[in-house]
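Structure assessment
Listed here are the chains, written in short residue letters.
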Amino acid sequence: MILFKGAATALVTPFSEGKVDYNSLENLIEWQINEGIDALVSCGTTGEASTLSDEEQKSVVKFTVEKVNGRIPVIAGAGSNNTAHAVEMSKTLADAGADGLLIVTPYYNKCSDSGLIKHYETIADAVDIPIIAYSVAGRTGVNISPKVVSEIAQHKNICGIKEASGNIAQVVEISRYISDDFSMYSGNDESTIPLMSMGGLGVITTTGNIIPKDMQRMTNAYLNGDIEEARRMQIGMKHLIDAMFCEVNPIPIKAALNIMGKIRREYRLPLCEPDNKSLYTIMCALREYGVIDESI
(Lines give C-alpha, C1' and ligand atoms only; values in the text may rest on other atoms or scores of the structure.)
Protein backbone atom coordinates (compact mmCIF):
# COMPACT_ATOMS: atom_id res chain seq x y z
CA MET A 1 0.00 0.00 0.00
CA ILE A 2 3.01 2.34 0.07
CA LEU A 3 2.83 4.38 -3.14
CA PHE A 4 6.29 5.90 -2.79
CA LYS A 5 9.05 6.86 -0.37
CA GLY A 6 11.02 10.07 -0.73
CA ALA A 7 10.02 12.96 -2.99
CA ALA A 8 7.13 13.22 -5.43
CA THR A 9 6.99 16.35 -7.57
CA ALA A 10 3.56 17.94 -7.97
CA LEU A 11 4.17 18.67 -11.62
CA VAL A 12 3.09 21.92 -13.26
CA THR A 13 0.88 21.81 -16.35
CA PRO A 14 2.64 23.91 -19.02
CA PHE A 15 0.46 25.94 -21.39
CA SER A 16 1.07 27.48 -24.80
CA GLU A 17 -1.44 29.88 -26.33
CA GLY A 18 -4.17 28.64 -24.03
CA LYS A 19 -3.67 24.93 -24.62
CA VAL A 20 -1.71 22.25 -22.76
CA ASP A 21 1.87 22.24 -24.04
CA TYR A 22 2.54 18.52 -24.32
CA ASN A 23 6.04 18.93 -25.74
CA SER A 24 7.15 20.88 -22.68
CA LEU A 25 5.32 18.45 -20.42
CA GLU A 26 7.18 15.51 -21.93
CA ASN A 27 10.51 17.29 -21.45
CA LEU A 28 9.64 18.03 -17.81
CA ILE A 29 8.71 14.39 -17.18
CA GLU A 30 11.96 13.11 -18.67
CA TRP A 31 14.05 15.65 -16.75
CA GLN A 32 12.35 14.78 -13.47
CA ILE A 33 12.98 11.07 -13.95
CA ASN A 34 16.59 11.64 -15.04
CA GLU A 35 17.13 13.76 -11.91
CA GLY A 36 16.01 10.80 -9.77
CA ILE A 37 12.59 11.89 -8.50
CA ASP A 38 10.72 9.11 -6.71
CA ALA A 39 7.20 9.79 -8.06
CA LEU A 40 5.14 12.35 -9.97
CA VAL A 41 1.78 13.91 -9.11
CA SER A 42 -0.20 14.91 -12.18
CA CYS A 43 -3.00 17.48 -12.07
CA GLY A 44 -2.69 18.50 -8.45
CA THR A 45 -2.93 22.07 -7.17
CA THR A 46 0.43 22.92 -8.74
CA GLY A 47 -0.84 21.40 -12.00
CA GLU A 48 -3.73 23.91 -12.10
CA ALA A 49 -6.29 21.10 -12.23
CA SER A 50 -9.05 23.49 -11.14
CA THR A 51 -8.87 25.25 -14.53
CA LEU A 52 -8.52 22.12 -16.65
CA SER A 53 -11.59 20.61 -18.28
CA ASP A 54 -12.36 17.00 -17.38
CA GLU A 55 -11.14 15.95 -20.81
CA GLU A 56 -7.89 17.91 -20.41
CA GLN A 57 -7.32 16.42 -16.96
CA LYS A 58 -7.79 12.89 -18.30
CA SER A 59 -5.53 13.66 -21.27
CA VAL A 60 -2.72 15.12 -19.12
CA VAL A 61 -2.78 12.15 -16.72
CA LYS A 62 -2.91 9.60 -19.56
CA PHE A 63 -0.04 11.36 -21.34
CA THR A 64 2.03 11.41 -18.15
CA VAL A 65 1.37 7.73 -17.46
CA GLU A 66 2.36 6.77 -21.00
CA LYS A 67 5.57 8.81 -20.97
CA VAL A 68 6.60 7.60 -17.52
CA ASN A 69 5.93 4.04 -18.70
CA GLY A 70 6.16 2.43 -15.28
CA ARG A 71 9.54 3.88 -14.34
CA ILE A 72 8.13 5.63 -11.25
CA PRO A 73 4.62 5.89 -9.75
CA VAL A 74 2.20 8.44 -11.20
CA ILE A 75 -0.36 9.81 -8.74
CA ALA A 76 -3.31 11.71 -10.24
CA GLY A 77 -5.22 14.55 -8.63
CA ALA A 78 -8.92 13.69 -8.69
CA GLY A 79 -10.45 15.76 -5.90
CA SER A 80 -13.67 17.77 -6.03
CA ASN A 81 -16.17 19.43 -3.71
CA ASN A 82 -18.77 17.27 -5.43
CA THR A 83 -18.38 13.68 -4.22
CA ALA A 84 -20.13 12.21 -7.27
CA HIS A 85 -17.80 14.13 -9.59
CA ALA A 86 -14.77 13.02 -7.57
CA VAL A 87 -15.93 9.41 -7.92
CA GLU A 88 -16.29 9.69 -11.69
CA MET A 89 -12.96 11.48 -12.08
CA SER A 90 -11.26 8.89 -9.84
CA LYS A 91 -12.59 6.06 -12.00
CA THR A 92 -11.56 7.87 -15.18
CA LEU A 93 -8.01 8.53 -13.99
CA ALA A 94 -7.65 5.02 -12.63
CA ASP A 95 -8.65 3.74 -16.09
CA ALA A 96 -6.08 6.13 -17.59
CA GLY A 97 -3.39 4.17 -15.76
CA ALA A 98 -2.67 6.22 -12.64
CA ASP A 99 -0.92 4.23 -9.91
CA GLY A 100 -2.70 6.18 -7.19
CA LEU A 101 -4.97 9.15 -6.54
CA LEU A 102 -4.57 12.37 -4.55
CA ILE A 103 -7.93 13.51 -3.19
CA VAL A 104 -8.20 16.97 -1.66
CA THR A 105 -10.88 17.79 0.91
CA PRO A 106 -14.13 19.33 -0.40
CA TYR A 107 -13.85 23.12 -0.72
CA TYR A 108 -16.35 26.00 -0.64
CA ASN A 109 -19.39 23.97 0.44
CA LYS A 110 -17.15 22.32 3.12
CA CYS A 111 -18.53 19.54 5.33
CA SER A 112 -18.54 18.09 8.83
CA ASP A 113 -16.15 15.38 9.98
CA SER A 114 -18.87 12.82 9.31
CA GLY A 115 -19.35 14.16 5.80
CA LEU A 116 -15.60 14.12 5.22
CA ILE A 117 -15.33 10.48 6.26
CA LYS A 118 -18.24 9.53 3.99
CA HIS A 119 -16.70 11.54 1.14
CA TYR A 120 -13.42 9.64 1.29
CA GLU A 121 -15.00 6.26 1.89
CA THR A 122 -17.38 6.71 -1.04
CA ILE A 123 -14.50 7.51 -3.40
CA ALA A 124 -12.34 4.71 -2.02
CA ASP A 125 -15.17 2.20 -2.47
CA ALA A 126 -15.39 3.11 -6.14
CA VAL A 127 -11.79 2.40 -7.18
CA ASP A 128 -9.17 -0.29 -6.73
CA ILE A 129 -6.03 1.84 -6.55
CA PRO A 130 -4.47 3.54 -3.51
CA ILE A 131 -5.68 6.97 -2.40
CA ILE A 132 -3.75 9.68 -0.57
CA ALA A 133 -6.01 12.15 1.25
CA TYR A 134 -4.91 15.78 0.98
CA SER A 135 -5.38 18.11 3.94
CA VAL A 136 -4.82 21.78 3.07
CA ALA A 137 -7.28 23.87 5.04
CA GLY A 138 -5.61 27.10 3.89
CA ARG A 139 -7.06 26.45 0.44
CA THR A 140 -10.20 24.47 1.17
CA GLY A 141 -11.34 25.62 4.60
CA VAL A 142 -11.57 21.96 5.66
CA ASN A 143 -9.01 20.27 7.89
CA ILE A 144 -8.54 16.52 8.12
CA SER A 145 -8.42 16.10 11.87
CA PRO A 146 -6.64 13.22 13.61
CA LYS A 147 -10.09 11.82 14.41
CA VAL A 148 -10.97 11.68 10.71
CA VAL A 149 -7.57 10.16 9.92
CA SER A 150 -8.21 7.42 12.49
CA GLU A 151 -11.40 6.51 10.60
CA ILE A 152 -10.33 6.74 6.96
CA ALA A 153 -6.99 5.00 7.61
CA GLN A 154 -8.97 1.82 8.19
CA HIS A 155 -10.18 1.71 4.58
CA LYS A 156 -8.17 -0.74 2.48
CA ASN A 157 -7.79 1.72 -0.42
CA ILE A 158 -6.78 4.80 1.59
CA CYS A 159 -3.03 4.51 1.93
CA GLY A 160 -1.92 7.86 3.30
CA ILE A 161 -2.29 11.58 3.88
CA LYS A 162 -0.58 14.61 2.40
CA GLU A 163 -0.47 16.81 5.50
CA ALA A 164 -0.28 20.53 4.76
CA SER A 165 -1.95 22.02 7.81
CA GLY A 166 1.30 23.57 9.06
CA ASN A 167 0.27 22.44 12.55
CA ILE A 168 3.10 20.36 14.02
CA ALA A 169 0.95 19.30 16.98
CA GLN A 170 -1.57 17.85 14.53
CA VAL A 171 1.23 16.10 12.66
CA VAL A 172 2.33 14.47 15.92
CA GLU A 173 -1.22 13.30 16.63
CA ILE A 174 -1.70 11.93 13.10
CA SER A 175 1.57 10.02 13.38
CA ARG A 176 -0.23 7.67 15.79
CA TYR A 177 -2.02 6.17 12.78
CA ILE A 178 1.01 5.49 10.59
CA SER A 179 1.29 1.80 9.76
CA ASP A 180 2.41 -0.53 6.99
CA ASP A 181 -0.85 0.38 5.23
CA PHE A 182 -1.02 4.12 5.96
CA SER A 183 1.71 6.68 5.29
CA MET A 184 2.14 10.39 5.97
CA TYR A 185 3.73 12.84 3.53
CA SER A 186 4.57 16.50 3.94
CA GLY A 187 2.52 18.96 1.91
CA ASN A 188 4.79 21.85 2.95
CA ASP A 189 8.26 21.84 1.42
CA GLU A 190 9.78 23.92 4.21
CA SER A 191 8.81 21.43 6.93
CA THR A 192 9.52 18.14 5.18
CA ILE A 193 12.20 16.91 7.57
CA PRO A 194 10.28 17.93 10.73
CA LEU A 195 7.32 15.90 9.47
CA MET A 196 9.55 12.97 8.54
CA SER A 197 10.93 13.02 12.08
CA MET A 198 7.41 11.97 13.15
CA GLY A 199 7.40 8.99 10.82
CA GLY A 200 6.57 10.62 7.49
CA LEU A 201 7.83 8.89 4.35
CA GLY A 202 8.59 11.99 2.31
CA VAL A 203 7.07 14.98 0.56
CA ILE A 204 4.74 15.88 -2.28
CA THR A 205 6.66 18.92 -3.39
CA THR A 206 6.17 22.07 -5.44
CA THR A 207 9.83 23.13 -5.28
CA GLY A 208 10.72 19.72 -6.69
CA ASN A 209 9.72 21.15 -10.06
CA ILE A 210 13.02 23.06 -10.12
CA ILE A 211 15.28 21.04 -7.77
CA PRO A 212 14.07 17.42 -8.07
CA LYS A 213 17.52 15.94 -7.45
CA ASP A 214 17.99 17.82 -4.17
CA MET A 215 14.47 17.02 -2.94
CA GLN A 216 15.09 13.35 -3.66
CA ARG A 217 18.52 13.45 -2.00
CA MET A 218 17.21 15.24 1.10
CA THR A 219 14.31 12.89 1.76
CA ASN A 220 16.29 9.78 0.99
CA ALA A 221 19.15 10.94 3.20
CA TYR A 222 16.69 11.05 6.07
CA LEU A 223 15.18 7.67 5.19
CA ASN A 224 18.69 6.19 5.05
CA GLY A 225 19.58 7.53 8.49
CA ASP A 226 21.73 10.52 7.52
CA ILE A 227 19.74 12.93 9.66
CA GLU A 228 22.37 15.66 9.73
CA GLU A 229 22.65 15.79 5.92
CA ALA A 230 18.87 15.95 5.58
CA ARG A 231 18.76 18.74 8.16
CA ARG A 232 21.51 20.66 6.36
CA MET A 233 19.71 20.41 3.04
CA GLN A 234 16.36 21.45 4.50
CA ILE A 235 17.90 24.58 5.98
CA GLY A 236 19.84 25.28 2.79
CA MET A 237 16.77 25.32 0.56
CA LYS A 238 14.57 27.39 2.89
CA HIS A 239 15.08 30.73 1.08
CA LEU A 240 14.41 29.10 -2.31
CA ILE A 241 11.22 27.51 -1.00
CA ASP A 242 10.06 30.83 0.44
CA ALA A 243 10.57 32.46 -2.96
CA MET A 244 8.48 29.75 -4.65
CA PHE A 245 5.57 30.84 -2.47
CA CYS A 246 6.02 34.62 -2.69
CA GLU A 247 2.72 34.58 -4.60
CA VAL A 248 0.03 31.94 -4.73
CA ASN A 249 1.20 28.56 -6.05
CA PRO A 250 1.88 27.80 -8.91
CA ILE A 251 2.57 31.36 -10.10
CA PRO A 252 6.18 31.54 -8.80
CA ILE A 253 7.18 27.97 -9.68
CA LYS A 254 6.04 28.39 -13.30
CA ALA A 255 7.92 31.69 -13.47
CA ALA A 256 11.02 29.91 -12.16
CA LEU A 257 10.70 27.15 -14.76
CA ASN A 258 10.33 29.82 -17.43
CA ILE A 259 13.53 31.54 -16.25
CA MET A 260 15.23 28.13 -16.46
CA GLY A 261 14.05 27.85 -20.08
CA LYS A 262 11.77 24.85 -19.51
CA ILE A 263 8.26 26.24 -20.11
CA ARG A 264 6.39 29.34 -21.25
CA ARG A 265 5.24 31.65 -18.46
CA GLU A 266 1.54 31.11 -19.03
CA TYR A 267 -1.36 30.66 -16.62
CA ARG A 268 -5.12 30.38 -16.70
CA LEU A 269 -7.27 32.94 -14.97
CA PRO A 270 -7.81 33.66 -12.17
CA LEU A 271 -4.05 33.03 -11.92
CA CYS A 272 -1.97 35.63 -13.74
CA GLU A 273 1.56 36.93 -14.23
CA PRO A 274 3.65 37.64 -11.10
CA ASP A 275 4.49 41.27 -10.41
CA ASN A 276 7.99 42.65 -10.93
CA LYS A 277 8.87 42.49 -7.24
CA SER A 278 8.02 38.78 -7.17
CA LEU A 279 9.98 38.13 -10.35
CA TYR A 280 13.02 39.80 -8.78
CA THR A 281 12.61 37.68 -5.63
CA ILE A 282 12.37 34.51 -7.71
CA MET A 283 15.37 35.42 -9.86
CA CYS A 284 17.53 36.25 -6.84
CA ALA A 285 16.58 33.00 -5.09
CA LEU A 286 17.40 30.91 -8.17
CA ARG A 287 20.81 32.58 -8.44
CA GLU A 288 21.57 32.28 -4.72
CA TYR A 289 20.75 28.57 -4.70
CA GLY A 290 22.66 27.92 -7.91
CA VAL A 291 19.72 26.83 -10.05
CA ILE A 292 20.71 29.43 -12.65
CA ASP A 293 24.03 31.09 -13.45
CA GLU A 294 24.86 34.47 -11.95
CA SER A 295 25.09 35.91 -15.45
CA ILE A 296 21.39 35.26 -16.20
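Residue indices begin from 1 for each chain and proceed along its sequence in written order. Given that the model is predicted, a residue must reach a pLDDT of at least 70 before its local features are reported, and side-chain atom pairs must reach 80 or more before they are shown or counted; all residues, however, enter totals for whole chains, interfaces and linings. Excluded from the side-chain calculation are hydrogens and water; included are all heavy atoms of the structure.

**With respect to the overall build of the protein**
The helix count covers DSSP runs of H or I at least four residues long, the strand count covers runs of E at least two residues long, and both are numbered beginning at the N terminus. Counting secondary structure elements, the protein contains 13 helices and ten strands. Oriented by its inertia axes, the alpha-carbon framework of the protein measures out at about 55 × 45 × 35 Å. When the 296 residues of the protein are sorted by exposure, 55% land in the buried category. Partitioning the contacts of the protein with sequence separation of at least 6, the portion at a separation of at least 24 is 70%. Carbon and sulfur atoms form 47% of the exposed surface of the protein, whose accessible area is close to 12,400 Å². Relative accessibility thresholds used throughout: buried, under 20% of the residue-type maximum; exposed, over 50%; partly exposed, between the two (1.4 Å probe, protein chains only). Any two residues whose heavy atoms approach within 4.5 Å at even a single point are treated as in contact. Each accessible area value is a Shrake-Rupley result obtained with a 1.4 Å probe; residue values ignore everything except the protein chains displayed when judging cover.

**Considerations on the sheet that holds strand β9 (residues 183–186)**
The strand order β1-β4-β5-β6-β7-β8-β9-β10 describes a closed barrel built from eight strands, whose pairing is parallel. Each strand axis lies, on average, 25 degrees off the axis of its neighbour in the sheet, ignoring direction. Paired strands, as defined in this entry, are two strands with at least two bridges between them according to DSSP. Here four bridges tie strand β1 (residues 6–10) to strand β10 (residues 202–205), and the two strands are oriented parallel to one another. Paired with Ala-7 across the bridge in β10 is Val-203. Orientation is described by lines fitted to C-alpha atoms, with helices fitted over the stretch in contact, and by angles between N-to-C directions that extend from 0 to 180 degrees.

**A look at the side chain of Asp-189**
Here Asp-189 lies in the loop between β9 and α8 (192–196). For the charge count, each Lys or Arg is scored as positive and each Asp or Glu as negative, with His and the chain ends excluded. A pairing counts as a salt bridge when a side-chain nitrogen of Lys or Arg comes within 4 Å of a carboxyl oxygen of Asp or Glu. For the buried Asp-189, no salt bridge is present, and the opposite-charge side chain at shortest range is Lys-162, 7.4 Å distant. Residues adjacent in sequence count toward polar contacts only when both atoms are side-chain atoms; beyond that, a polar contact is any pair of N or O atoms within 3.5 Å, and within protein one must be able to donate a hydrogen and the other to accept it. Within the structure, Asp-189 has its side chain in polar contact with the side chain of Thr-205 (distance 3.1 Å). Residues within four places of Asp-189 in sequence aside, it is in contact with Val-203, Ile-204, Thr-205, Thr-206, Thr-207, Met-215, Gln-234, Ile-241 and Phe-245.

**Section: helix α1 (residues 22–34)**
With 13 residues, α1 extends 18 Å from end C-alpha to end C-alpha; this agrees with the ideal 18 Å at 1.5 Å per step. If you check which residues of α1 are buried, you get Ser-24, Leu-25, Leu-28, Ile-29, Trp-31, Gln-32 and Ile-33. In the core, the buried residues of α1 are packed alongside β1, β4 (39–42), α2 (54–68), α9 (212–223) and α12 (251–259). Gly-36 occupies a position one or two residues after α1 and carries a positive phi of about 95 degrees. What a helix should span is 1.5 Å times the count of its residues minus one.

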